[in-house]
Amino acid sequence: MVFTRRPAAVLTAIVAACAMAISLTACTTDANSQDTADDRTTVTSSAPGVVAMFTPSDGITLNQQTPLNKWAKLTPNLTKALTSAGFKKGDISHTTSDSLDKQSRAIQDYVVDHLSGSNTTDDAGIVISPDNITLLVAPIVEADASTRQYGDYVSQELSTADTAEGSDSTDSSDSSNSSDSSDSSTGSDSTDDSSSDASKTVGDSKNAAQAEAVDRLVSSLKLAKESGMHVVLMGNSIKGYKPDAFVRFSDAQAIGKLQAEKIVSKLELSKASKDNPKYIEVLMPYTAVDESGEASDSTFAQEAFRGIWQVLGAYYQKGVVESPSGTLNGNSTEDDWQSVAYDASKEGSTAKVLDARLAKADEHASPTRIDGIIAMNDYIASEVVTELDDLGYTGSAADINPQITISGIVGNITGKKDLSRSDVPDPIKSPEKDDSADSTDSADTQDDSTATDKTDKTKDSQWPLVTGYGAYVSNIPSIVNGKQWMTGIEDRQTLAENIAEACARLNKGQTLTSMSSVRNTEVGGKKKVPTISGPLLAVSASNLKVTLIDPGYISLADAGL
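Rules used throughout
Residue indices begin from 1 for each chain and proceed along its sequence in written order. This being a predicted model, a pLDDT of at least 70 is required before a residue's local features are given, and a value of 80 or more before pairs of side-chain atoms are given or counted; all residues contribute to the totals for chains, interfaces and linings. The side-chain figures draw on all heavy atoms in the structure; neither hydrogens nor water molecules are used. Where helices and strands are cited, they refer to DSSP runs of H or I of at least four residues and of E of at least two residues respectively, numbered from the N terminus. Using a 1.4 Å probe on the protein chains alone, a residue whose accessible area is under 20% of its type maximum counts as buried, one over 50% counts as exposed, and one in between counts as partly exposed. Contact criterion: two residues are considered in contact whenever any of their non-hydrogen atoms come within 4.5 Å of each other. Method for areas: the Shrake-Rupley scheme with a 1.4 Å probe, in which residue coverage is limited to the protein chains shown. What pLDDT conveys is the predictor's confidence in a given residue, as a value from 0 to 100. The term salt bridge refers to a pairing of a side-chain nitrogen on Lys or Arg with a carboxyl oxygen on Asp or Glu at a separation within 4 Å. Whether two strands pair depends on DSSP finding at least two bridges between them. As used here, the term nonpolar core means buried Ala, Val, Leu, Ile, Met, Phe, Trp, Tyr and Cys residues forming a set that is joined through side-chain atoms within 4.5 Å. Whenever a helix is involved, its axis is fitted only over the stretch in contact; in every case the axis is a line through C-alpha atoms, and angles between N-to-C directions fall within 0 to 180 degrees. Angles below 35 degrees are treated as roughly parallel, those above 145 as roughly antiparallel, those between 65 and 115 as roughly perpendicular, and all remaining angles as oblique. Left-handed describes a crossing in which the near helix is turned anticlockwise from the far one by less than a right angle; the clockwise case is right-handed. Three categories are distinguished: nonpolar for Ala, Val, Leu, Ile, Met, Phe, Trp, Tyr, Cys and Pro, charged for Asp, Glu, Lys and Arg, and polar for the others, with Gly belonging to the last. For the purpose of charge, His is not counted, nor are the chain termini; Lys and Arg are scored as positive and Asp and Glu as negative. Here a polar contact means two N or O atoms within 3.5 Å. Within protein one must be a hydrogen donor candidate and the other an acceptor candidate, and residues neighboring in sequence count only if both atoms are side-chain atoms. Exposure above 30% relative accessible area and the lack of any salt bridge qualify a residue for a patch; like charges then connect within 9 Å, and the nonpolar side chains Val, Leu, Ile, Met, Phe, Trp and Tyr within 5 Å. In plain terms, the charge of a residue is placed at NZ if it is Lys, CZ if Arg, CG if Asp and CD if Glu.

**Details of the overall build of the chain**
- Helix and strand content of the chain: 15 helices and 17 strands.
- Looking at the chain as a whole, 44% of its 561 residues are labelled buried.
- Partitioning the intrachain contacts of the chain with sequence separation of at least 6 by distance along the chain shows that 75% fall at a separation of at least 24.
- Carbon and sulfur atoms make up 49% of the accessible area of the chain, which totals about 27,600 Å².

**Some remarks on the confidence of the model for the chain**
- Of all residues in the chain, 70% have pLDDT values of 70 or greater, and the mean over the chain is 79.
- Mean pLDDT across the secondary structure elements of the chain bottoms out at helix 1 (residues 2–32), with 39, and peaks at strand 12 (residues 372–374), with 98.
- For the stretch residues 1–45, pLDDT sits under 50, and the model shows 24 contacts to residues farther than four places along the chain or on other chains.
- Here residues 436–440 scores under 50 on pLDDT; set against residues more than four positions off or in separate chains, the count is two contacts.

**Regarding the pattern of salt bridges**
- For the coordinates displayed, the defined rule picks out 14 salt bridges.
- In this structure, arginine 216 engages glutamate 212 in a salt bridge whose closest nitrogen and oxygen atoms are separated by 3.2 Å. Taken together, the positions of arginine 216 and glutamate 212, both in helix 6 (residues 187–227) and four residues apart, correspond to about one turn of that helix.
- The exposure class of arginine 216 is buried, given its relative accessible area of 9%.
- Using a relative accessible area of 46% as the deciding quantity, one classes glutamate 212 as partly exposed.
- A salt bridge links glutamate 281 to arginine 357; its shortest N-O distance comes to 2.9 Å. Linking glutamate 281 in strand 8 (residues 278–282) with arginine 357 in helix 9 (residues 349–357), this pair joins segments that are 76 residues apart in sequence. When sorted by exposure, glutamate 281 lands in the same class as arginine 357, which is buried.
- Residues joined by salt bridges that share partners form a network here, namely Asp101, Arg105, Glu212 and Arg216.

**Points about the pairing of strand 8**
- Where burial is concerned, most of strand 8 is hidden: five out of the five residues are buried.
- Here strand 8 shows two buried faces, one formed by Lys278, Ile280 and Val282 and the other by Tyr279 and Glu281.
- Strand direction decides the pairing type here: strand 8 and strand 10 (residues 321–322), joined by two bridges, are parallel. Across the sheet, residue tyrosine 279 finds its bridge partner in strand 10, namely glutamate 322.
- With three bridges connecting them, strand 8 and strand 12 associate as parallel partners. By the bridge assignment for strand 12, glutamate 281 is matched with isoleucine 373.

**Description of the nonpolar core**
- Formed by 39 residues in total, the largest nonpolar core has its most connected members in Met284 and Leu312.
- For this core, the secondary-structure elements that each account for two or more residues are helix 7 (252–267), strand 8 and helix 8 (299–318).
- With ten residues, the single largest contributor to this core is helix 8.
- What methionine 284 contacts, discounting residues up to four positions off in sequence, is Ala301, Ala304, Phe305, Ile308, Val340, Ala341, Tyr342 and Met376.

**Overview of unusual backbone geometry**
- Phi at glutamate 268 is positive, roughly 50°, even though this residue is not glycine.
- The residue alanine 471 is not glycine, and still its phi comes out positive at about 50°.
- Relative to the helices and strands, alanine 471 is located in the loop between strand 13 (465–467) and helix 13 (476–480).

**With respect to the packing of helix 9 against helix 10 (residues 378–390)**
- At a closest axis distance of 9 Å, the pairing of helix 9 and helix 10 adopts a crossing angle of 50°. When the axis of helix 9 is compared with that of helix 10, the two are oblique. The hand of the helix 9/helix 10 crossing is right-handed. Here Thr350, Ala351, Leu354 and Asp355 of helix 9 lie close against helix 10, whose contacting residues are Ile380, Glu383, Val384, Glu387 and Leu388.
- Here the contact of helix 9 with helix 10 is composed, by residue class, of five nonpolar, one polar and three charged.

**Regarding the environment of leucine 465**
- Note that leucine 465 resides in strand 13.
- Taking the C-alpha atoms as reference points, leucine 465 and leucine 267, 198 residues apart in sequence, are found 8.9 Å from one another.

**Some details on the packing of helix 2 (residues 71–84) against helix 14 (residues 492–507)**
- The geometry of helix 2 relative to helix 14 is characterised by a closest axis approach of 8 Å and an angle of 45° between their N-to-C directions. Put simply, helix 2 runs oblique to helix 14. Pair helix 2 / helix 14 crosses with right-handed handedness. Across from Lys73, Leu74, Asn77, Leu78, Ala81 and Leu82 in helix 2, the residues of helix 14 making contact are Arg492, Gln493, Ala496, Glu497, Ile499, Ala500 and Cys503.

**So, the side chain of aspartate 378**
- Here aspartate 378 lies in helix 10.
- Despite its burial, aspartate 378 remains without a salt bridge, the nearest opposite charge being carried by arginine 492 at 12 Å.
- Here tyrosine 472 takes part through its backbone nitrogen, which lies 2.8 Å from a polar atom of the side chain of aspartate 378.
- A polar contact is formed between the side chain of aspartate 378 and the side chain of threonine 487, at a distance of 2.9 Å.
- Residue contacts for aspartate 378: discarding those within four places in its chain leaves Gly468, Tyr469, Gly470, Ala471, Tyr472, Asn475, Gln484 and Thr487.

**Points about a positive patch on the surface**
- A surface patch of positive charge is lined by Lys222, Lys242, Lys526, Lys527 and Lys528.
- The greatest single-element share of the positive patch, amounting to three residues, is contributed by strand 16 (residues 526–532).
- Tracing the backbone shows lysine 528 in strand 16.
- By relative accessible area, which is 64% here, lysine 528 ends up exposed.

**What about the sheet that holds strand 16?**
- Here we have seven strands laid out as an open sheet, ordered 2-1-3-5-7-16-15, and mixed in their pairing. Every interior strand has two partners, whereas the edge strands, strand 2 (92–97) and strand 15 (518–523), have only one. The average angle at which neighbouring strand axes cross in this sheet is 30°, direction not considered.
- Here helix 14 sits on the sheet and contacts strand 1 (50–56), strand 3 (133–137), strand 5 (230–234), strand 7 (245–247) and strand 16; the angle it forms with strand 3, its principal contact strand, is near 145°.

Here it is in structure tokens:
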């Protein structure tokens, strides 16, 4: 027995010694890899490192209308900007997810894999340390149908609080329904109870899954930061979580403010008077009830109107701007968003609302004069254009500046000539309020009156300025022909370049304070978060070539040329 055990003992000792030797060799290799020319070297602060992008899958496209503000459009710009900043293509990864649950799991897997050492080298055998990794994360936040019409970048906040409140509300409502139904013994009540219980179960399950996904996401991002990785949130913030940096895209106030400012400039409201006011209507689409039948969050609509009123409010108060429908007046405030809001989820709702607001005095009357319509997004703008045509309005936005013709616009877009512009004189008093005409000659007066009548009717039926947002490809031809005056879009290329620079700086251990596009703001309730942002681009026929065609956002064919 002694002899049979001895070889086994010796073999065990040899194996242990080999294992220890291998371990020591590995340690020596790892220790020297930073300073030697071995096949494996650790990335130092002088190398850009790695960037992992996590974005939502593209949102639902409505009626085949596609906005340019899509994640699928931004990520190629980001990849190009990152490679220009020195990152290798193999060190840039991109993961898309169609739900927060899937996205949180993907981020969790990535972080755990890299920290456990199972995925710490690239194809060249370079060891990647956590402080050379930046996670670019666009958290998935559910948006209603109206909000999705603005594109994918609209900034929102991810929070578990809303989920909990919704759950409490549902529980309370269900308890009440259960109590009421217990007093009845009819078959229909039993059916209603079953339906209510089923809805409750589905709602509770969905809320629980959402809360779990949020917790998983936050835990994964916190683990990433604690290990030395950098986290940059894009678009949507997370309540209570402080990232290394935040990329602020368009928000409701900015979108509303942009359109109001362009209306003010184009109509020259600073020169308008009470005797000859401008007529402007504001359309505020929103979704009143969500898919589960609960009241939708109206925060976006409220904030969008606040942005508009911060610009237009003073003109309404001065009386130089009026609303033909009377929905807004000098006594309105930034809290009166419901005066112009309507449920856009109902088919034909925009046409119905616009028809009511621009109603004629009688069937023989000329169209109601309107100088501008803020439609908020391109989806609504396309419906406005169709309805205005049905109501008898003629011409285009180009008529507001007669020296810019459609052919001139097309020539400018195709690079054949530059636009020549001049202001159109607008009388201080409207013709119907001007009593300075000479009335000595009755015949002349009658002729003048007839001419004035024709002028008034032409003015009343003149096509107004129609604004939107999202740069829907399907709407570009309408912008070229002047039916839709302007739209808005994110400056994707500039944002991508700034994001790439921020990633490179973070991976090198540098601060972002010296970047001109960065300023500290409050994000998710956390103060002093370095925030990357840029102005929105206003696009009209006069600058469409420079803003959309030259950068390659759209082609001449997209513009209908």
